[in-house]
2 protein chains.
Amino acid sequence: MAGRIPWQSDGEPPACPRLLLHSGATLLSQTVEYALRAATYLATSPDEPRTVDQIAEATLVPVAYLAKVMQALVRGGIVTSRRGVGGGFTLVRSPRELRILEIVQAVDPIQRITTCPLGLASHGTNLCPLHRRLDNALAAMEDAFSTTTLAEVLSEPSSSVPLCGFPGGKPAKSR
Amino acid sequence: MAGRIPWQSDGEPPACPRLLLHSGATLLSQTVEYALRAATYLATSPDEPRTVDQIAEATLVPVAYLAKVMQALVRGGIVTSRRGVGGGFTLVRSPRELRILEIVQAVDPIQRITTCPLGLASHGTNLCPLHRRLDNALAAMEDAFSTTTLAEVLSEPSSSVPLCGFPGGKPAKSR
DNA sequence: GGCAAAGCGGATGATAACGTCCATTATTGT
DNA sequence: ACAATAATGGACGTTATCATCCGCTTTGCC
């Protein structure tokens, strides 16, 4: 009964095997997308572990690659893994305490610009105005991610966002 | 006398031929970095055109690749180009009217998430909570870039940021 | 017209990101 | 002990990004 994620109805699996998030820009890496989907899915069943196959099926992420991403999450201390029958991945902390920034940092860390990227030692701790602006933008991104927990993502607190349900009422019919 | 950019002293050229902005994360693409440096440099001499070689030398960007980036800026309507002797690139609009977001969009557009990346038609115009958060972060980034003009980058209005000068006094000695 | 300066465009190569495959190891159940 | 399950790690293949090179065209100057 667990395993209901916001972007998925528990009816039939939708028919989009492969997908492409950003056609032109690279702002959010594919890997981050995958990690966030996986974590969101795991948050729906914090108690029992989920296998890579289960996660992949639910999140529409290529299985083999997801395995790599999950290992990154393990190394990052986001999830624990258990092998063998009944094994799988489980979130280490409760979704309420897990900020999505932590997931991002585990798989593809946002590197703030602390030093001049041109390598000029003379700049010391001071950034050029340009790179200060860029770093500000990174900070805004960090902030947007650090102020949101997985639990908040799961059940949208503000009721104005209809949780990706079906406004009309009908789930996506496959014909 | 134009050609002074915030991160460079007009003394000797610093000895960092190649550089690497982000070792782990891909948030800002290299191409965007290059484009912003070039635009910042061009803003120091809005009147007369600058050649690729001049820009490359000043911004420490690989010449051959910079040529490609400049072409993207031309196509994006950010700069104009003139061939032949005395030719080069010039900003189309004044630095005061040029938001750095426009430069970003010209070379590597930030694509907002307007539709469910999983391709579920059922979601319609509503985003899942997760992707709504991600899009919010993108919006924050966009906003950070759209509220800054090139002119503001060039001469930092707030005097607290010392414009990448040398605090101690000495430029980077090469030994 | 001829020559040099400079951008333009296509072809090619290097490196990292993305993705797959398979053997190995750990765990559970019989 | 044996077999089935599931994560782990390494090798490999594919694709996009970053980067270089070279021939072509346009422009200005003599």
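This write-up is about the structure you can find in this document. (Residues numbered from 1 in each chain as written. Chains lettered and ligands numbered in written order. Predicted model: local features only at pLDDT ≥ 70, side-chain atom pairs only at ≥ 80, totals over all residues. Heavy atoms only, no water.)

1. Regarding the packing of helix H1 (residues 30-43) of chain B against helix H3 (residues 63-75) of chain B
Residue and element names in this part refer to chain B.
No. 1: At a minimum axis separation of 10 Å, H1 and H3 run at an interaxial angle of 75 degrees. Taken as axis vectors, H1 and H3 run roughly perpendicular relative to one another. Contacts between H1 and H3 involve Thr 31, Tyr 34, Ala 35, Ala 38 and Leu 42 from the first element and Tyr 65, Leu 66, Val 69, Met 70 and Leu 73 from the second.
No. 2: Among the residues making up the contact of H1 with H3, the classes are represented as nine nonpolar, one polar and no charged. (Axes fitted to C-alpha atoms, helices over the stretch in contact; angles between N-to-C directions. Helix = DSSP H or I, 4+ residues; strand = E, 2+ residues; numbered from the N terminus. Parallel < 35°, antiparallel > 145°, perpendicular 65-115°, else oblique. Contact = heavy atoms within 4.5 Å. Nonpolar A, V, L, I, M, F, W, Y, C, P; charged D, E, K, R; others polar.)

2. Some remarks on the protein's contact with DNA strand C
No. 1: Neighbouring residues of DNA strand C: 26 residues in total, closest Thr31(A), Arg82(A), Arg83(A), Lys68(B) and Ser81(B).
No. 2: Sugar plus phosphate: this is where 67% of the atoms of DNA strand C within 4 Å of the protein reside.
No. 3: One nitrogen or oxygen atom from the side chain of Arg83(A) is found 2.7 Å from a base oxygen belonging to DNA strand C.
No. 4: Lys68(B) is positioned such that a nitrogen or oxygen atom in its side chain is 2.6 Å from a base oxygen of DNA strand C.
No. 5: Elements with a contribution of two residues or more to the surface near DNA strand C: helix H1 (30-43) and helix H3 (63-75) of chain A together with H3, strand S1 (79-82) and strand S2 (88-91) of chain B.
No. 6: Of the residues in the surface near DNA strand C, the class split is eight nonpolar, nine polar and nine charged. (Near = heavy atom within 4 Å. Polar contact = N/O pair within 3.5 Å; in protein donor to acceptor, adjacent residues only side chain to side chain.)

3. Remarks on the protein's contact with DNA strand D
No. 1: Near DNA strand D, the surroundings consist of 26 residues, among which Lys68(A), Ser81(A), Thr31(B), Arg82(B) and Arg83(B) are the closest.
No. 2: Backbone atoms, meaning sugar and phosphate, form 68% of the atoms of DNA strand D found within 4 Å of the protein.
No. 3: Measuring from a phosphate oxygen of DNA strand D, one finds a backbone N or O atom of Val52(A) at 3.1 Å.
No. 4: Thr31(B) places a polar side-chain atom, nitrogen or oxygen, 2.5 Å from a phosphate oxygen of DNA strand D.
No. 5: When the residues that make up the surface near DNA strand D are grouped by side-chain class, the tally is eight nonpolar, nine polar and nine charged.

4. Some thoughts on the packing of aromatic side chains
Residue and element names in this part refer to chain A.
No. 1: Within this structure, the stated rule accounts for two aromatic pairs over all chains.
No. 2: Ring centres of Tyr 34 and Tyr 65 lie 6.0 Å apart, and the angle between their planes is 75 degrees; this geometry places the pair in the edge-to-face category. With Tyr 34 in helix H1 and Tyr 65 in helix H3, this pair connects stretches of sequence that are 31 residues apart. (Phe/Tyr/Trp six-rings, centres within 6.5 Å; stacked < 30°, edge-to-face > 60°.)

5. Comments concerning the pattern of salt bridges
No. 1: Scanning the entire structure with this criterion turns up 10 salt bridges over all chains.
No. 2: A salt bridge links Arg112(A) to Glu142(A); its shortest N-O distance comes to 3.3 Å. One end of the pair, Arg112(A), is in the loop between helix H4 (100-107) and helix H5 (129-146); the other, Glu142(A), is in helix H5, with 30 residues separating them in the sequence.
No. 3: You can call Arg112(A) partly exposed: its relative accessible area is 33%.
No. 4: The buried category is assigned to Glu142(A), whose relative accessible area is 17%.
No. 5: The salt bridge involving Arg50(B) is made with Glu48(B); its shortest N-O contact spans 3.8 Å.
No. 6: Through salt bridges with shared partners, one network takes in Arg112(A), Asp135(A) and Glu142(A). (Salt bridge = Lys/Arg side-chain N within 4 Å of Asp/Glu carboxyl O. Buried < 20%, exposed > 50% of the residue type's maximum accessible area, 1.4 Å probe, protein only.)

6. Topic: the packing of H1(A) against helix H2 (residues 52-59) of chain A
Residues and elements named next belong to chain A.
No. 1: Where H1 meets H2, the axes come as close as 10 Å, and the angle between the chain directions of the two elements is 110 degrees. Considering the angle they form, H1 stands roughly perpendicular to H2. Seen from H1, the contacting residues are Arg 37, Ala 38, Tyr 41 and Leu 42; seen from H2, they are Gln 54, Ile 55, Ala 58 and Thr 59.
No. 2: Taken together, the residues that form the contact of H1 with H2 break down as five nonpolar, two polar and one charged.

7. Some thoughts on the pairing of S2(B)
No. 1: Burial along S2(B) is two-sided: the face carrying Gly88(B) and Thr90(B) and the face carrying Phe89(B) and Leu91(B) are both buried.
No. 2: The turn joining S1(B) and S2(B), which pair antiparallel and follow one another in sequence, is formed by five residues; a positive phi near 75 degrees is taken by Gly84(B). (Pairing = 2+ DSSP bridges.)

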